[in-house]
Structure formats: C-alpha cells, structure tokens
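Analysis of the macromolecular model
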Amino acid sequence: MLRGDDQRDASLAQHLDVDLLGMEQALAGDGEIFLAYRDGCLKLLDRQTLKKGGLAVEVDPRPGEQHSYPAPKKDLLAQAVGKKTHTIVDATCGWAQDSLALFRMGYQVTCIERSPVMAALIQDGFERLAKKDWVLRRELSPPKLLIGNAIELLANLPEPPDCIYLDPMFPAKKKQSAATRKSMAILRDILGDDLDRQALFDAAWAATGRRVVVKSPDYAEPLGGKPSESLHGKLLRYDVYLKS
C-alpha cells in the first residue's frame, strides 16, 4: 500500500495486512503491485505507474453505452442473462465491468470476488457509484459485494437468483488490445487461471433459479457441456444453460 494524503491509506493497509510504504520505499523495494488512493479513487499500480497513473474500477458507462437509466437491454450480455431476469449473481467479478453494465440496465446485481485486493478496488468503485447524481436521484443502491470463495458462497445464498453469471479465467491464447491486455494481465497476476472453474459451474448450476451464463473466449470448450444456446461475439461467446 502506497502512503499518500488520503486518511484511508492506513486503515486499508491494516485491513489487507500489508505494509504502508512511502514512494522511496516502494521504488527501492521488490514489490510489483501496489494500491494507492489517487485522483479521488483507489488505484492498482505496477512499477511503471507508481508515480502517475494506475487502474481503477470504472463506474461510468463504457464506450458505446447509452447514459440513460435503465440502459437498453440490447447487447449480447443482456440477451444472455435474459430480459425477464431480475436478480443476477456475478460469481467472478474481476474489474466489475459486466456487473456494472448489468446494474445500469436495471438488474439487481450481487457480486462475488475472492481476491481481497480486487474486492477493495470494487468496493471503492461502488462507493463512488453511490455518489453519482443519477444514482442519488433515483435512490438506487449499488451492487452488493460478497468477498470469498464463490463455490462456498453460492451454496449459502439466501435464495436462488434468476441468473448466475460466470466469467472465469481461461488460459490466454488470443492477442488483445493494449488497454485490455494491461488490466487483464494484472488481474491474471493477482488471481491466476480459475483451475476450479468446472467446480464453479457445478456450484452455480446447483444454486441458480433459472439459468447460468458462462462468458468464455471463443476457443474454450463449454464448461457445462452443450449449452441451451450460445451467443457469439468477435472473440468471445456467452453459453446459456437453462433450467427446465
């Protein structure tokens, strides 16, 4: 954790049980990944962005998305989770971009993240989201965040959600854009591949009320066998598994 001018530095370092370092200490040490409050948000830094920059959870609409609320349910993600769905659990939250897109569409979203570092970044993003004018005007609550092993947490949900959404880490095979490569490379460094993704699918299928949606690269084998339907993008697909 990088010490700055934010009073939250020390409390977060204590919560994560990590050292609180000054800039000179960070530069002289052998750490590769750091957290810092910078530019009004919590950011994840590597050695190239220690002095300036960093990655944060982006809470504003993505390029091409409309700023209206609820956003139109027209893209592949919305088609995959189902327009009649109300409650969604995103069991592999990562940078929370799909969770936030679903929230902006009007779905009730619960997120699960096993990495305490990523969870801290997500929580900071949700706190910033709660202060947005459009959220305050509509008296909306940001997605709920659960921290821990998704396989265990899915088994203890208070009630089955309409949809459980999975975006597990698969071994990388395709070239990605520079921006995507940066964020995904750091995420992979923190989390590694989801070697338990088959067990995660089984837990999701047992816990869901209506459907499981798996986002995967186009080269990956389906996790749950033949899906009820698949929606294909340029480099990825959504496999949809429906309970009869």
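Read on for a plain summary of the structure. (Residues numbered from 1 in each chain as written. Predicted model: local features only at pLDDT ≥ 70, side-chain atom pairs only at ≥ 80, totals over all residues. Heavy atoms only, no water.)

As for the overall build of the chain
The helix and strand tally for the chain stands at nine helices and nine strands. In the chain, buried positions account for 45% of the 244 residues. A sequence separation of at least 24 residues applies to 62% of the contacts in the chain between residues at least 6 apart. (Helix = DSSP H or I, 4+ residues; strand = E, 2+ residues; numbered from the N terminus. Buried < 20%, exposed > 50% of the residue type's maximum accessible area, 1.4 Å probe, protein only. Contact = heavy atoms within 4.5 Å.)

Here's the deal with the side chain of Arg38
Considering the arrangement of structural elements, one finds Arg38 in strand S1 (residues 33-38). No salt bridge is formed by the buried Arg38; the nearest opposite charge belongs to Asp39, separated by 5.5 Å. There is a polar contact of 2.9 Å between the side chain of Arg38 and the backbone oxygen of Thr49. A distance of 2.4 Å separates a polar atom in the side chain of Arg38 from the backbone oxygen of Leu50. Not counting residues within four places of it along the chain, the set of residues in contact with Arg38 comprises Leu2, Met23, Lys43, Leu45, Thr49, Leu50, Lys51, Lys52 and Gly53. (Lys, Arg positive; Asp, Glu negative; His and termini not counted. Salt bridge = Lys/Arg side-chain N within 4 Å of Asp/Glu carboxyl O. Polar contact = N/O pair within 3.5 Å; in protein donor to acceptor, adjacent residues only side chain to side chain.)

Points about the sheet that holds strand S8 (residues 229-232)
On the basis of which strands lie adjacent, the open sheet formed by seven strands has the order S5-S4-S3-S6-S7-S9-S8 and mixed pairing. In the strand order of this sheet, the two ends are held by strand S5 (144-147) and S8, each with one partner. Across the sheet, the mean angle from the axis of one strand to that of its neighbour is 20°, orientation sign disregarded. Packing against the sheet, helix H5 (residues 116-130) makes contact with strand S4 (108-113) and S5, and its axis sits at approximately 165° to S5. (Pairing = 2+ DSSP bridges. Axes fitted to C-alpha atoms, helices over the stretch in contact; angles between N-to-C directions.)

What to know about the packing of aromatic side chains
In this structure the tally under the stated criterion is four aromatic pairs. A ring pair is formed by Tyr69 and Trp134, whose centres lie 5.6 Å apart and whose planes are at 35°; its orientation type is tilted. With Tyr69 in the loop between strand S2 (41-46) and helix H3 (76-81) and Trp134 in helix H6 (residues 133-137), this residue pair connects regions lying 65 residues apart in the sequence. Its relative accessible area of 22% is what places Tyr69 among the partly exposed residues. With 6.1 Å between their ring centres and 45° between their planes, Phe103 and Trp134 make a pair best called tilted. Residue Phe103 is found in helix H4 (residues 97-104), and its partner Trp134 is found in helix H6; the two are separated by 31 residues along the sequence. For the pair Phe103 and Trp134, a shared accessibility class is recorded, and that class is buried. For the cation-ring pair, Lys73 lies above Tyr107, with the distance from its terminal atom to the ring centre recorded as 4.2 Å. (Phe/Tyr/Trp six-rings, centres within 6.5 Å; stacked < 30°, edge-to-face > 60°. Lys NZ or Arg CZ within 6 Å of the ring centre and 35° of its normal.)

Details of H4
Where burial is concerned, most of H4 is hidden: eight out of the eight residues are buried. Where H4 is concerned, the buried positions are Gln97, Asp98, Ser99, Leu100, Ala101, Leu102, Phe103 and Arg104.

Regarding the pairing of strand S9 (residues 236-242)
Within S9, five of the seven residues are buried, which leaves the element mostly enclosed by the surrounding structure. Across seven bridges, strand S7 (residues 211-217) lies against S9 in antiparallel orientation. By the bridge assignment, Val214 is partnered in S9 with Asp239. Sheet topology places S8 next to S9; four bridges connect them, and they run antiparallel. Paired with Ser230 across the bridge in S9 is Asp239. Adjacent in sequence and paired antiparallel, S8 and S9 are bridged by three residues.

Considering the environment of Glu32
Mapping Glu32 onto the fold places it in the loop between helix H2 (23-28) and S1. Along the sequence, Glu32 and Leu45 sit 13 residues apart, while their C-alpha atoms lie 8.3 Å from each other. The contact partners of Glu32, leaving out residues within four places of it in the chain, are Leu45, Asp46 and Arg47.

So, the side chain of Asp9
In this fold, Asp9 is placed in helix H1 (residues 8-16). No salt bridge is formed by the buried Asp9. Its closest oppositely charged neighbour is Arg3, at 6.7 Å. A polar side-chain atom of Asp9 sits 2.7 Å from the main-chain amide nitrogen of Gly4. Excluding residues within four positions of it along the chain, Asp9 makes contact with Met1, Leu2, Arg3, Gly4, Leu20 and Tyr37.

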